[in-house]
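Structure at a glance
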Amino acid sequence: MTTAEYNECVKNYSDGIFRFIVKNIRDEFEAENIVQNTFEKLWIRLDKVEMKTAKSYLFKIAYNNMIDVIRKNKKHTDIENARHVASELYEYDNLMEYVNKAVSQLPEKQRSAITLRDFEGHDYRSIGEITGMSESQVKVNIFRARKFIKEYVRKLEIMLF
Amino acid sequence: MKLNKHNYELVMFDLLEGNLSQSDELRVMKQIEEDEFFFKEWKLFKSTILVADSDIVYSNKSALLKKENAIVLIYKPWMAVAAGVTLLAMVFVLWPSAAPSELADMPTNKPEEATPLVSLPAIDDLTQNEEVTTLLTDNTPNMKEQEPNNVGAKSSDESSKIRLEQVVHDAPASAEQEAIITPESSKTLIAGRQEIDNARKAVDERQLDKHYNDEHKKEEETPASQQIAKGDDVKLNIEMTPIPEAKLLEENSRNEAIASTENQTSKEKISAFVTNSPLERITSITLAVAAKARHPKVRLKPNFKRDSRPSLDIEFESDGYQAIASLQPFKK
């Protein structure tokens, strides 16, 4: 990969990676660090990465960094979730915000799979490469995630109507 | 494909994901529109599609961008190993050989203090600066017959003992002055070098003694008729280039001039004689004297030391008498 191609990757994928991370960990500061680390690693291994695999490579690095951050902050995240679960139904009047809240409560694998699928349009194989899952596992995880979100939204409809 | 309450979630999921064929999609969509329950469920399913928030952007893109002519630093594990080895080698090479205390004892490079190595007088200079007294003994009366034109030799014939004082001029400084300037370390160094020189001399003497003993044995083995009687001419087997007659005449006239200058002190005479003489003069006189001596020993000692001028010391010894001449061909 050339420097020009690297710069193209920054322009094309940095927003998507940042969005993916923010949606998963809900911490913009951590997400910025992860994006920075991701592109630093790409720059170091520039001679070994090809342009056509660059997107998967970048998301994989970002995903692994994100997992590390999640593991590090797991206790903190669990406490925060428990604190907000009681009042969450009354905080959202916008469906998308509510769905995002549902996504944030998904298990990490389901959340990663569904965000990669919907935000970046990755296919099952690509998601499997990034997350280290098989294609069938990816499909199952996405199905469970959608089912969870559907039930979550159903609760809101019951509350509103 | 027919929808029912057991499979509708899976079928709707496949429909949402685009996993169904076009015909299956149409068929499933028709069933969903016809059934209210399926329609509501399908609506909920559609709400699970996440939409990327376009407001969420990474703001530090410019910090990540690289200049296109930037040099790409490629890291390889062997580079770290090579760097480590190089550093170790540099540490070994550049590490000071002296201990810190030794370094502290070393003189500083102040202008008023000369460094020992520079000001250290050479051993050769010290020996040359010493007044060398040589005694040439000549008991043989045949010198005239051998070299009738050599007036300098005549004068040596007339006196049984000639005291030669050789003072080498143009020395950089006297030995005493040097000794005052140099620290104790230089003295120990001089002593060490003198010991080395003495050892070398001893080796030379041993070799010459051996050579002399071999020659003496040969003499004893020769018949009595062939042995040299006392007072007879002695012929040395020392190879030398023959001196042209014109040169000899010139040298003889110079020697006469030297001999005639009676007002000069002996030191001045010797200084003029030795310093201005070429190699042939010294060797010829030395050999002439040696030819008349008994059991002569001649030592030629070339000195090519770094801190002193190159010189050639000629030592002659016979029956306990010794003559030393030092020649410095490159001295003005």
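Section: the overall build of chain A
From N to C terminus, chain A includes nine helices and zero strands. Its helices and strands in sequence order give chain A the pattern α-α-α-α-α-α-α-α-α, from N to C terminus. Of all 161 residues assigned to chain A, the portion counted as buried reaches 48%. Taking the contacts inside chain A whose residues are at least 6 apart along the sequence as the reference set, 69% of them involve residues at least 24 apart. Looking at chain A as shown, the accessible area adds up to about 8,200 Å², and 49% of this sits on carbon and sulfur atoms.

Points about the nonpolar core
Counting 52 residues, the largest nonpolar core has Tyr6, Ile17, Ile21 and Phe39 of chain A as the members making the most contacts within it. Aside from chain neighbours lying at most four places away, what touches isoleucine 21 of chain A is Arg26, Ala31, Ile34, Ala62 and Met66 of chain A. Counting 14 residues, the second-largest nonpolar core is a separate cluster that includes Leu106, Ala145 and Leu156 of chain A together with Leu50 of chain B.

Focus: the packing of helix H1 (residues 3-25) of chain A against helix H3 (residues 54-72) of chain A
Angle between the axes and distance between the axes: these two values describe a pair of packed helices. Residues and elements named next belong to chain A. Contact geometry for H1 and H3: axes closest at 10 Å, N-to-C directions at 30 degrees. Viewed along their axes, H1 and H3 adopt a mutual orientation that is roughly parallel. Like other packed secondary-structure pairs, H1 and H3 cross with a definite hand, here right-handed. Along the contact surface, H1 presents Cys9, Tyr13, Gly16, Ile17, Phe20, Ile21, Asn24 and Ile25, while H3 presents Ala54, Lys55, Leu58, Phe59, Ala62, Tyr63, Met66, Val69 and Ile70.

Rules behind the numbers
Residues numbered from 1 in each chain as written. Chains lettered and ligands numbered in written order. Predicted model: local features only at pLDDT ≥ 70, side-chain atom pairs only at ≥ 80, totals over all residues. Heavy atoms only, no water. Helix = DSSP H or I, 4+ residues; strand = E, 2+ residues; numbered from the N terminus. Buried < 20%, exposed > 50% of the residue type's maximum accessible area, 1.4 Å probe, protein only. Contact = heavy atoms within 4.5 Å. Areas by Shrake-Rupley, 256 points an atom, 1.4 Å probe, with all protein chains shown as cover. Core = buried A, V, L, I, M, F, W, Y, C linked by side-chain atoms within 4.5 Å. Axes fitted to C-alpha atoms, helices over the stretch in contact; angles between N-to-C directions. Parallel < 35°, antiparallel > 145°, perpendicular 65-115°, else oblique. Left-handed = near helix turned anticlockwise from the far one by under 90°.

Just distances and angles here, no functional claims.
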